[in-house]
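Descriptive structure summary
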Amino acid sequence: MNDCLFCKIVSGEIPSNKIYEDEHTFAFEDIDPKAPTHVLVIPKKHLSGLKEATASDAEIIGRCHLTAAQIARQRKIEDGYRTVLNVGPKSGQSVFHLHVHLLGGRDLRWPPG
Ligand code: 5GP
Ligand code: ZN
């Protein structure tokens, strides 16, 4: 998508601190981390968010979560991490390219605010 911040991060037009990349997914450090590990995992192909997703997006949504799990394993935070999809403005979604937040490296409270 032409004017999408995260599409520009995937293409390299906007720099990011890249953690991982494969054929389908891209992961980078959140610019404003809320935990010692705060990584964003996104599909390379533009997808606005979970509520816009259809059955044909099921595989890529799963792949994003598996990439998050792989990064959590590498970072040795498997004693407790969280994957979060903010959906819609009232949840705090501010970037409308689907992204999985991977948060960990500290105690995580429940329920989140
Ligand atoms: P949301 O609020 O949409 O669920 O999450 C968007 C996330 O993107 C936020 O945690 C925010 O800090 C992060 N973010 C926004 N702009 C940039 C940017 O230019 N680079 C990086 N690395 N992260 C960003
Ligand atoms: Zn995009």
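Use the structure listed above.
What you see is a predicted model, and the numbers here were worked out from it, not measured in a lab.

What follows is about the site of ligand 1. Close to ligand 1 lie 16 residues, the nearest being D30, N86, G92, S94 and H101. E29 is positioned such that a nitrogen or oxygen atom in its backbone is 2.9 Å from a nitrogen atom of ligand 1. Between ligand 1 and I31, the relevant distance is 3.3 Å, taken from a nitrogen atom to a main-chain nitrogen or oxygen of the residue. Burial of ligand 1 by the protein chains amounts to 83% of its free accessible area of 520 Å². For the shell around ligand 1, the elements supplying multiple residues, two or more each, are α1 (5-11) and β2 (25-29). Per element, the largest residue contribution to the shell around ligand 1 is three residues, and it comes from α1.

As a further point, take the pairing of strand β5 (residues 100-104). Counting buried residues in β5 gives five out of five residues, a clear majority hidden from the surface. Here β5 shows two buried faces, one formed by V100, L102 and G104 and the other by H101 and L103. Pairing of strand β3 (residues 37-43) with β5, which is carried by five bridges, proceeds in the antiparallel orientation. Looking at the pairing, V39 lines up with L102 of β5. Two elements, strand β4 (residues 81-84) and β5, share four bridges in a ladder whose sense is antiparallel. Within the sheet, the bridge partner assigned to T83 lies in β5 and is L102.

This part takes up the state of the cysteines. Each disulfide is one covalent bond, formed between the sulfur atoms of two cysteines. Counted according to the given criterion, the structure contains zero disulfides. We note that C64 lacks a disulfide partner, and the nearest cysteine sulfur, in C7, lies 12 Å from it.

With that settled, consider the side chain of Q93. Inspection of the secondary structure assignment puts Q93 in the loop between β4 and β5. Residue Q93 is classed as buried on the basis of its relative accessible area of 7%. Within the local environment of Q93, its side chain forms a polar contact with the backbone oxygen of V95, the two atoms lying 3.2 Å apart. Apart from the residues within four sequence positions on either side, Q93 is in contact with S48, G49, N86, V87 and G88.

Further remarks concern the coordination of the zinc ion (ligand 2). At this site the zinc ion (ligand 2) is bound by C4 (SG), C7 (SG), H46 (ND1) and H97 (ND1), with donor distances of 2.1 to 2.3 Å. Relative to the metal, the four donor atoms surrounding the zinc ion (ligand 2) lie at angles of 106 to 117°, and the coordination shape comes out tetrahedral. Of note, the donors binding the zinc ion (ligand 2) are all from one chain and are spaced C-x2-C-x38-H-x50-H. Here H97 lies in the loop between β4 and β5 and C4 lies in the segment before α1, a separation of 93 residues in the sequence.

In this model, W110 is joined to P111 through a cis peptide bond whose omega is 0°. Mapped onto the elements of the fold, P111 is located in the segment after β5. The phi dihedral of K76 is positive, around 55°, even though this residue is not glycine. Tracing the backbone through its elements, the reader meets K76 in the loop between α2 (58-74) and β4. For K76, a relative accessible area of 72% puts it in the exposed group.

Cut-offs used in this document
Residues numbered from 1 in each chain as written. Chains lettered and ligands numbered in written order. Predicted model: local features only at pLDDT ≥ 70, side-chain atom pairs only at ≥ 80, totals over all residues. Heavy atoms only, no water. Near = heavy atom within 4 Å. Polar contact = N/O pair within 3.5 Å; in protein donor to acceptor, adjacent residues only side chain to side chain. Areas by Shrake-Rupley, 256 points an atom, 1.4 Å probe, with all protein chains shown as cover. Helix = DSSP H or I, 4+ residues; strand = E, 2+ residues; numbered from the N terminus. Buried < 20%, exposed > 50% of the residue type's maximum accessible area, 1.4 Å probe, protein only. Pairing = 2+ DSSP bridges. Disulfide = S-S within 2.5 Å. Contact = heavy atoms within 4.5 Å. Donors = N, O, S within 2.8 Å, 3.2 Å for Na, K, Ca; no water. Tetrahedral: all angles 85-135°; square planar, octahedral: opposite > 155°, others 65-115°.

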